[in-house]
Amino acid sequence: MEILYLLTILVPICGLDISQQSTRGRGGRYETKDSDNPDLNIGLIVPHSLFREKQYRAAVRQAVDIIKQKKRPRFLKSYHLTEKSIHLSMMSVNPSPTVILEILCQTFLKNNVTSIIYMTNSELFGRTTAASQYFLQLAGYLGIPVIAWNADNSGLQSQSRLRVQLAPSIEHQVSSMLSLLIRYNWQQFSVVTSDIAGHDDFIQAIRDTVARMKENINFRFYIQTEVKVTEKVHMNELLQAETRIVLLYSTKDEAKNIMTWAADLGLTGNNYVWIVTQSVIGESVDGTAEGSPEYPIGMLGVSFPTSFQSLIEQIPLALEVYAEGIERFVKNVNSSLVPKLSCTEGATSGEASWTNGEVLYRYIKSIHMPGAQGLPDIQFLPDGSLLNVQLKIMNLRKSSGSQLMWEQIGVWKSWSKESHGLEIKDIVWPGESHVPPPGVPEKFHLTIGFLEEPPFVNIAPPDPITGKCSVDRGVRCRMDHKIDTNSTHDDVRSINSTDSFQCCSGFCIDLLAKFAEDLQFEFDLVRVKDPKWGTQVNGKWNGIMAELIAKKFDMVMTSLKINAERESVVDFTAPFLESGTAILVAKRTGIISPTAFLEPFDAASWLLIVFAAVQISAFSIFLFEWLSPQGYDMKSSVDPDHKFSLCRTFWMVWALLFQAPVQMDCPRAFTARFMASVWALFAVVFLAIYTANLAAFMITREEWDQFQGLDDPRLTNPQSMKPPLRFGTVPWTYTENALKRHFPNMHLYMKPYNKENVHQGVEAVKKGDLDAFIYDGTVLDYIVGQDDECRLLTVGSWYAMTGYGAAFHRNSKHFQIFNKKMMDYSENGDLERLRRFWLTGTCTPRKQEKRSSEPLAPEQFLSAFFLLLCGVCLAGGLCCVEYIYCNYVRQGIKKRDEPGCFALLSLSFGKSLNFRGTVTEVTSVIKNHKCRDPMCDNQLMQARIELDKARTHLYELQAKIEEAKIGSLDVIKNDIYGGINIQQRNHYNKINSCNRTTMSSLDHLETPEEGDELTPKEPEGLDRAAISTDLSGVSDSSGEEQDCSERDEKSSDFIVFREKDFAEIETVL
């Protein structure tokens, strides 16, 4: 609608009355006559000519007759087609917008044309196609299909959205030109264009066709350069490319200037082949065309008929294509073919674009009709261009006299697969030679310097048998002095011979080989005598830079970094890799923390468990046991048969918490047992969570230094670490130069730790001699990927980013072509493929499996030893507490002979304060003991006899004490304890050794039942009543104290002696 509105505004301004009906329009429009069937109106645009209008109309009549003779039932039955239905308009090469609008509005839209046939063959197009392009765009916007035959300019071929092209497209011309290159095995060529309309399409068509041929027929082209020439200076780029095959696309006049400039630069000699398009050759008649004297003999070109006669012959074909499309439309679509478009302001049609025009265009594009005799069927590609075409192969040669003529020497058939569609006779080549030129420049020779550094340049010895370098070893390179084997990645021998050769391989070698293949040169690889990368010392360069500046090498191809100082004296190509300064460290096997067994829970969780859960649970269980009638029933004393106390409660709680397989005493009360079961459930959940997380904290971890980068405080101030960090680099390198400039203090500190080469630095890090190694990030990443043990890694961000480039001395004639090639490799992905091949690596799985099966060192499970040590220390502390209690504390509280509250805390504690309970327990053990052999019974009997004698002696001693008026109960007990003499103790020891299983632990002794006899049979004649009376008297007179000096000397000595004996007996029990 916007287009129609624009037309309604412009047309009145131009003074046109488009609403006026006339019998004959400006373009030869005829008024349609009434008919039963509607007319099919067609617009026809041809080149303007005052003398060829009759020929145009004759061709139209011929085409209409041909269509009618074919008797299309549906087409002829539905629509009426006559000569008057074809509205012819002649348009100049560069019409004004007024003429374009008049033709569209007054001639075509007014007569409801269903298609436009657009025929052009002018040689004058060049860059003046704006008006014609505008016309085609308007037709596309209005939805009117266009059937075009544009012979000379690809700029008109893709401007209409609804267009089919009957003339060979620019893609066909490109395919035929590349077929010539394939025939003569010319893989390298350059492209030269002018400002002709469509020159970008020509270059893009070449790129697409090159990519398609590489994939389909595995033939690889290389475009050396693409130049748009408008001035002579532009030809210098073509000269520097060292190209020998040139594809030219321009107008004929522009081609004359280009070839003149090429001749001046020596680009038209015997070794140069120029292949041109139809627009350069121009109109040809019967396979010949006149050549320009500026053209060199031997030029090749592709052509097809573009004369007026050829154009007129295409009119019937265009109408047949139209009729075939109409026939398909009528057969499949039941819709009107009368568009209702108008340029008149206020028109009621309501259509801004013809809807059925798009449908009609699809049917026209899908036709399949027979071609002329000897030619394939007519079909169209999805973009509307012709599928099958035939082009002429032209050769510029001398005719009679000195006239240059284009002569047809063959044809190219797009549908033929044999010889890539070419059928060629003899060709006159440049210099009137009958042999084609090689198509490549003569090989030149370069001397290239390098320094080895994996993965850029690796060195290996040649094959020991043949002395040559096999494919996997690389190319031969000359070593000017002895090689340090530690400075290479592979095993390189030290060679002292001046002219010795080795095999070089790596990223730079493959890149150099690709340069040599594409640019056709030979080279010698020479290692520099001074193995330094090149820095300025006292204003002079050293190493590889010094030799390049002195022009001992044509170029340097190695891992040479680009910086401002080097760029000031040499020329670098575009970088082939980006890199920076990185830090290399080694992984260390981590030592598990001594407190790793505590790490599954944090400190708060452990405090909650130990000081809350355990304490509350233990006190709750004991409280329920003490309150329950089935338990202590709130008593302060312990029944002899009730073995449960607060300490045993804690023992049970801890044993349940860690599922320890130890013997435990259970409470009697139901509530206490229920509480213990709840605690056991909690213990199961706790232990499951603890063990599940413990494994993660007990595994061996790998550790390394996590540096943030070169500005890390630990590197900038290494003395702050204890011990100080040790790190270094390789001197006379870009890395050292960057450190010296940006980190002078660090540079001075690391000088003692610097290594001669990368290999030594890496080994020092792996052995622990260095904590870090600073060097180029790309090289270090490669070393990390190739490390068999996978112990190396780079840390921190890269610093001082730069790139690697090929270096040339100043004003080198080879610099431009190498730089252009480098950029091409970067764009097409060749550099990325080399990078993936050489700069990636993985750790060897075999090495990893070996490391995983090695036994663990003690420091890797140190936490278990730490836990054991803590247990030993705690046991030692408890032993000390027990010793202090038995020797110091118990002396103050052992006057209590009755069990009390202490037994509630601990049964053992209560028994230690109660002699009667201990004796009762020992007696029960002796009574219930059963010997397993006669010897044991005999010894037991002797022990009983000795025990009876001891009792008798006991009573005698009590009587003597009474007589001596010793009232102290402690003295009596000491004397009683002493009543067991050494002989009796020995008998008891024999009994104990007879069956250790039965008497293994006092903790398991049970209190004798009531009524059981606690003592052996008393001796005959013993007066128990008298002894009891005497003892009670002693007890009652305890307040009367006598001085120890009044005691019987013998009794006193005996008491002291017996006290020692009893201590030993008590220890045994």
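How each quantity is defined
- Residues numbered from 1 in each chain as written.
- Predicted model: local features only at pLDDT ≥ 70, side-chain atom pairs only at ≥ 80, totals over all residues.
- Heavy atoms only, no water.
- Phe/Tyr/Trp six-rings, centres within 6.5 Å; stacked < 30°, edge-to-face > 60°.
- Helix = DSSP H or I, 4+ residues; strand = E, 2+ residues; numbered from the N terminus.
- Buried < 20%, exposed > 50% of the residue type's maximum accessible area, 1.4 Å probe, protein only.
- Salt bridge = Lys/Arg side-chain N within 4 Å of Asp/Glu carboxyl O.
- Disulfide = S-S within 2.5 Å.
- Axes fitted to C-alpha atoms, helices over the stretch in contact; angles between N-to-C directions.
- Parallel < 35°, antiparallel > 145°, perpendicular 65-115°, else oblique.
- Contact = heavy atoms within 4.5 Å.
- Nonpolar A, V, L, I, M, F, W, Y, C, P; charged D, E, K, R; others polar.
- Pairing = 2+ DSSP bridges.

Considering the packing of aromatic side chains
- Applying the stated rule across the entire model yields 34 aromatic pairs.
- Each ring, one from F515 and one from F818, has its centre 4.9 Å from the other, and the planes form 50°; the classification is tilted. Taken together, the positions of F515 in helix 13 (residues 507-519) and F818 in helix 24 (residues 815-828) put the pair 303 residues apart, joining distant regions of the chain. Just as F515 is buried, F818 falls in that class too.
- Judged by centre distance (5.4 Å) and plane angle (15°), the ring pair of F601 and F686 falls under stacked. One end of the pair, F601, is in the loop between strand 25 (588-589) and helix 16 (603-627); the other, F686, is in helix 18 (residues 670-698), with 85 residues separating them in the sequence.

Overview of the pattern of salt bridges
- If you walk through the whole model with that rule in mind, you get 24 salt bridges.
- The partner of E423 in a salt bridge is K413, with the nearest N and O atoms 3.4 Å apart. Taken together, the residues span a long stretch of sequence, with E423 in strand 14 (residues 422-424) and K413 in strand 13 (residues 404-413) at a distance of ten residues.
- A salt bridge links R835 to E832, with the nearest nitrogen and oxygen atoms 2.8 Å apart. A residue pair is termed a helical-turn pair when its members lie 3 or 4 positions apart in one helix, as R835 and E832 do in helix 25 (residues 830-838) at three residues.

Some details on the state of the cysteines
- Across all of its chains, the model carries two disulfides by this definition.
- The side chain of C469 participates in a disulfide bridge whose partner is C503; the two sulfur atoms lie 1.9 Å from each other. Because the torsion about its S-S bond is -95°, the bridge between C469 and C503 counts as left-handed. In this pair, C469 sits in the loop between strand 16 (458-460) and strand 17 (475-479) while C503 sits in strand 18 (residues 500-505), placing the two residues 34 residues apart along the sequence.
- Covalent S-S linkage joins C477 and C504, the inter-sulfur distance amounting to 1.9 Å. Disulfide C477-C504: torsion about the S-S bond near 85°, hence right-handed. With C477 in strand 17 and C504 in strand 18, the pair connects residues that are 27 residues apart, well separated along the chain.

Some words on the packing of helix 24 against helix 25
- At a minimum axis distance of 4 Å, the contact between helix 24 and helix 25 shows a crossing angle of 70°. By the angle between their axes, helix 24 is roughly perpendicular relative to helix 25. Taking contact as the criterion, the partners of M822, Y825, S826 and N828 in helix 24 are, on helix 25, D830, L831 and R833.
- Of the residues contributing to the contact of helix 24 with helix 25, the split by class is three nonpolar, two polar and two charged.

Thoughts on the sheet that holds strand 24 (residues 577-586)
- Spatial ordering of the open sheet is given by 27-28-24-29, a layout of four strands whose pairing is mixed. Each having just a single partner strand, strand 27 (727-728) and strand 29 (792-804) make up the two edges of the open sheet.
- Bridge analysis of strand 24 against strand 28 (residues 772-776) gives four bridges, and the strand direction is antiparallel. Residue pairing in the sheet places T581 in a bridge with D776 of strand 28.

Looking at the sheet that holds strand 19 (residues 521-527)
- Across the sheet, which stays open at both edges, the eight strands sit in the order 16-18-17-19-15-22-30-23 with mixed pairing between neighbours. The open sheet has two edge strands with one neighbour each: strand 16 and strand 23 (571-572).
- Two strands pair when backbone bridges link them, and strand 22 (residues 555-556) and strand 30 (residues 807-808) are joined in this way by two bridges, in the antiparallel orientation. Paired with V556 across the two strands is A807, which belongs to strand 30.

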